[in-house]
Amino acid sequence: MLTMADPIEHAARLWPDRVGIVSGPVRRSFAEFAGRCRQLGGALEAAGIARGDRVAILADNSDVYLEVYAGVPATGRVVVPLNTRHAEPELRYALEDSGTRLLLTDRPPSALDGVVERVIRIPDAYETFVGGGREVAGLGEGIAESDLAGLFYTGGTTGASKGVMLSHRNLVSNAYHWMTCMPHAASDVMLVMAPLFHAAGSNGVLANLWTGGRQVALPRFDPGEALDWIAAEGCTATLGVPTMLAAIAEEQLARPRKTETLRWVAHGGSPIASEVVRRVHQAMPSAELVEVYGATELSPLATVLRYEETALDTDRIRSCGQPLPGVDVRILSPEGQPVTTGEVGEVTVRAPTVMLGYWNKPEQTDAVLRDGRYWTGDLGRLDADGFLTLVDRSKDMIVSGGENVYSTEVEEVLYRHPAVLEAAVFGVPDATWGEAVWAAVHLRADETTDAETLIAFCRESLGGYKVPKGIDFHAELLPKSGPGKFLKRQLRDPYWEGKERGIH
């Protein structure tokens, strides 16, 4: 039986003096990291925060975040990572819904202070809090792998946030699945640039602790800073969402840094256009490009596609890979029946990484957990070799004149235009066809084009019913959720205001 405590103690025993955590000027050995996790447990105990109580963190990535993320569950409490991009009402909802007793935050005082029993501010008050606690005798004592380790509140792109309950078994299994596909070594240096409040951001945390690799925490994503840290620390790997990779590629191509140490760069969270893959490979040719697919409810991984750069200009580039060992991915009809190879249906997953359920939401849990499988809400197909290709979110599919239009297919074409940096496609009401295809676009710096030109460009590659009927140009980057997914609902809602239905 393994819990979140095991990788912490393992690293401290095998490599006590090795630097495992870097955050700005802070450099901590594995022994120091484990000791601080034990001190955190003692401080929580002294503060009356019992086992099973929820401890929330609202902060940027840092060494403190890493020890809270790992140390709170390792001492029997439940960590609640809060999305730093959420508005105050959304944060209040998560705190109240979870019954959080203690909030750790690097944010200034606000109305949130009155929602919980106690607020401790990072770094100063937190250092005093941890320093005043005695170390617990050992991490992981009395904890079962089935115990709740974390509550991860979803981004809310399709409705109200839900607290995804992930157990120790869920998170430990995910780390093992990941390491079977992407071996980690003690020589690895992982740039943690995805926000740790998202399950994908913490994907490599346990794997790096288990294998003795160093982790470099980037407080807030900035492409220039990310490249500077890669060069300074000799980073060998990183993971982000496609919008992060696109920004890094643009920065590297404009102002190159030393990135030859990178051996892989992974991305997930949303589909990636092949042109973005091409530019990332051009910017960082030493790195293997890896696509991962999953969901918070899956802790978070389901499939992986390695050597993505070799699939450019082939059909395989549209795939998000094969299931990880230990993960069973099947495409099912709405009635739960298997579809034929290559046919589109809903992606479902059975694995030890499938969540326990949604916190205090039995009806929503029952809607997505059926017969031990998690129904993702994604539409996709499996080929004869088991490679999964996603075609759309079921909620984002556009139905125009009875024809299904997958927004990702249209976005893929828009990304091929040299002027387009970001593109999001969605459906708007149409009196004749029910829905019409519409696009929101943000152009590259110093590039210009117009809607007529982009629509004509799409017409060269798409059937008429798939071609956007209109394009909105955004001077700023398109709105995104905390994990970096486009907020299509925000782009789409103004068009559907006053209509009877907002989807299809």
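Residues numbered from 1 in each chain as written. Predicted model: local features only at pLDDT ≥ 70, side-chain atom pairs only at ≥ 80, totals over all residues. Heavy atoms only, no water.

### Overview of the overall build of the protein
Here's step 1: Within the protein, the regular secondary structure consists of 14 helices and 26 strands.
Here's step 2: Taken over C-alpha atoms, the radius of gyration comes to 23 Å for the protein, in line with the 23 Å a tight globule of 504 residues would show.
Here's step 3: Burial status across the protein gives 59% buried among its 504 residues.
Here's step 4: Contacts spanning at least 24 positions in sequence make up 68% of the contacts within the protein whose residues lie at least 6 apart. (Helix = DSSP H or I, 4+ residues; strand = E, 2+ residues; numbered from the N terminus. Rg over C-alpha atoms; globule rule 2.2 N^0.38 Å. Buried < 20%, exposed > 50% of the residue type's maximum accessible area, 1.4 Å probe, protein only. Contact = heavy atoms within 4.5 Å.)

### Focus on the sheet that holds strand S25 (residues 434–443)
What links the strands of a sheet is backbone hydrogen bonding, and the strands pair in either a parallel or an antiparallel sense.
Here's step 1: Reading across from one edge, S24-S25-S26 is the order of the three strands in this open sheet, with mixed pairing throughout. With partners counted over all chains shown, the strands left at the sheet margins are strand S24 (420–430) and strand S26 (470–473), one partner each. Strand-to-strand twist in this sheet, taken as the mean axis angle between neighbours without regard to direction, amounts to 25°.
Here's step 2: Note that S24 and S25 share ten bridges and pair antiparallel. The partner of Val 425 across the bridge, within S25, is Ala 439. (Pairing = 2+ DSSP bridges. Axes fitted to C-alpha atoms, helices over the stretch in contact; angles between N-to-C directions.)

### Some details on the pattern of salt bridges
Here's step 1: Tallying each qualifying case throughout the model produces 33 salt bridges.
Here's step 2: One salt bridge connects Arg 36 with Glu 67, and the closest N-O pair in it is separated by 2.9 Å. Here Glu 67 lies in helix H3 (residues 63–74) and Arg 36 lies in helix H2 (residues 30–46), a separation of 31 residues in the sequence. The same class applies to Arg 36 as to Glu 67, namely buried.
Here's step 3: Note that Arg 316 and Asp 383 form a salt bridge whose closest N and O atoms lie 3.5 Å from each other. Taken as a pair, Arg 316 in the loop between strand S14 (301–305) and strand S15 (322–323) and Asp 383 in the loop between strand S20 (373–382) and strand S21 (388–393) lie far apart in primary sequence, 67 residues in all.
Here's step 4: Within this structure, Asp 60, Asp 106, Arg 107 and Arg 220 form a network of salt bridges that share partners. (Salt bridge = Lys/Arg side-chain N within 4 Å of Asp/Glu carboxyl O.)

### Description of the environment of Asp 53
Here's step 1: Along the polypeptide, Asp 53 turns up in the loop between H2 and strand S3 (54–58).
Here's step 2: With residues near it in sequence (within four places) discarded, Asp 53 still touches Gly 48, Arg 77, Val 78 and Arg 101.
Here's step 3: Within the structure, Asp 53 has its side chain in polar contact with the backbone nitrogen of Ala 50 (distance 2.7 Å). (Polar contact = N/O pair within 3.5 Å; in protein donor to acceptor, adjacent residues only side chain to side chain.)

### Focus on the confidence of the model for the protein
Here's step 1: Averaged over every residue, the pLDDT of the protein is 91; residues scoring 70 or more account for 95%.
Here's step 2: Confidence drops under a pLDDT of 50 for residues 500–504, and excluding neighbours within four residues, the segment shows eleven contacts in the predicted structure. (pLDDT = per-residue confidence, 0-100.)

### Quick look at the pairing of strand S4 (residues 78–81)
Here's step 1: In S4, alternate side chains face the same way, and those of Val 78 and Val 80 on one face and Val 79 and Pro 81 on the other are all buried.
Here's step 2: In this sheet, S4 lies alongside S3 in parallel orientation, the contact comprising four bridges. Bridging from a neighbouring strand, Arg 54 pairs with Val 78 of S4.
Here's step 3: Read from S3 through H3 to S4, the crossover connection turns out right-handed. (Right-handed = clockwise from strand over helix to strand, strands pointing away.)

### Quick look at unusual backbone geometry
Excluding glycine, residues mostly have negative phi values, and the peptide bonds linking residues are mostly trans.
Here's step 1: In this structure, Pro 123 follows Ile 122 across a cis peptide bond, with omega equal to 10°.
Here's step 2: Its location among the elements puts Pro 123 in the loop between strand S6 (118–121) and helix H5 (124–131).
Here's step 3: At the junction of Ser 299 and Pro 300, the peptide bond is cis and its omega measures out at 5° in the coordinates.
Here's step 4: Along the chain, the position of Pro 300 falls in the loop between strand S13 (288–294) and S14.
Here's step 5: Backbone geometry places Tyr 307, a non-glycine residue, at a positive phi of 50°.
Here's step 6: Residue position: Tyr 307 is located in the loop between S14 and S15.
Here's step 7: In this structure Tyr 307 comes out as partly exposed when scored by relative accessible area, which is 43%.
Here's step 8: The backbone of Asn 360 sits at a positive phi, close to 60°, despite the residue not being glycine.
Here's step 9: Mapped onto the elements of the fold, Asn 360 is located in the loop between strand S18 (357–358) and helix H11 (362–368).

### Remarks on H2
Here's step 1: With 17 residues, H2 should reach 24 Å at 1.5 Å per residue; the first-to-last C-alpha distance of 24 Å fits that figure.
Here's step 2: Of all 17 residues that make up H2, twelve are buried, and the element is covered over most of its length.
Here's step 3: Taken as a whole, H2 has its buried residues at Phe 30, Phe 33, Ala 34, Gly 35, Arg 36, Cys 37, Arg 38, Leu 40, Gly 41, Gly 42, Ala 43 and Leu 44.
Here's step 4: Note on H2: the residue one or two positions beyond its end, Gly 48, has a positive phi of about 85°. (Expected span 1.5 Å × (residues − 1).)

### Looking at the sheet that holds strand S12 (residues 264–267)
Here's step 1: Reading across the sheet, the nine strands line up as S2-S1-S10-S9-S11-S12-S13-S14-S15 and stay open at both edges, with mixed pairing between neighbours. Across the chains shown, the open sheet's two edge strands, defined by having one partner strand only, are strand S2 (26–29) and S15.
Here's step 2: Where strand S1 (residues 19–23) lies against strand S10 (residues 214–217), two bridges are found, and the strand directions are parallel. In the sheet register, Ile 21 faces S10, and the bridge partner there is Gln 215.

### Topic: the pairing of S14
Here's step 1: The buried fraction of S14 is high, at five of five residues.
Here's step 2: Pairing of S13 with S14 involves four bridges; the strand directions are antiparallel. Following the sheet pairing, Glu 291 is matched in S14 by Leu 305.
Here's step 3: Hairpin connection, S13 to S14: the antiparallel pair is bridged by six residues, and Ser 299 has positive phi, about 70°.
Here's step 4: Where S14 lies against S15, two bridges are found, and the strand directions are antiparallel. The residue of S15 that forms the bridge with Thr 303 is Pro 323.

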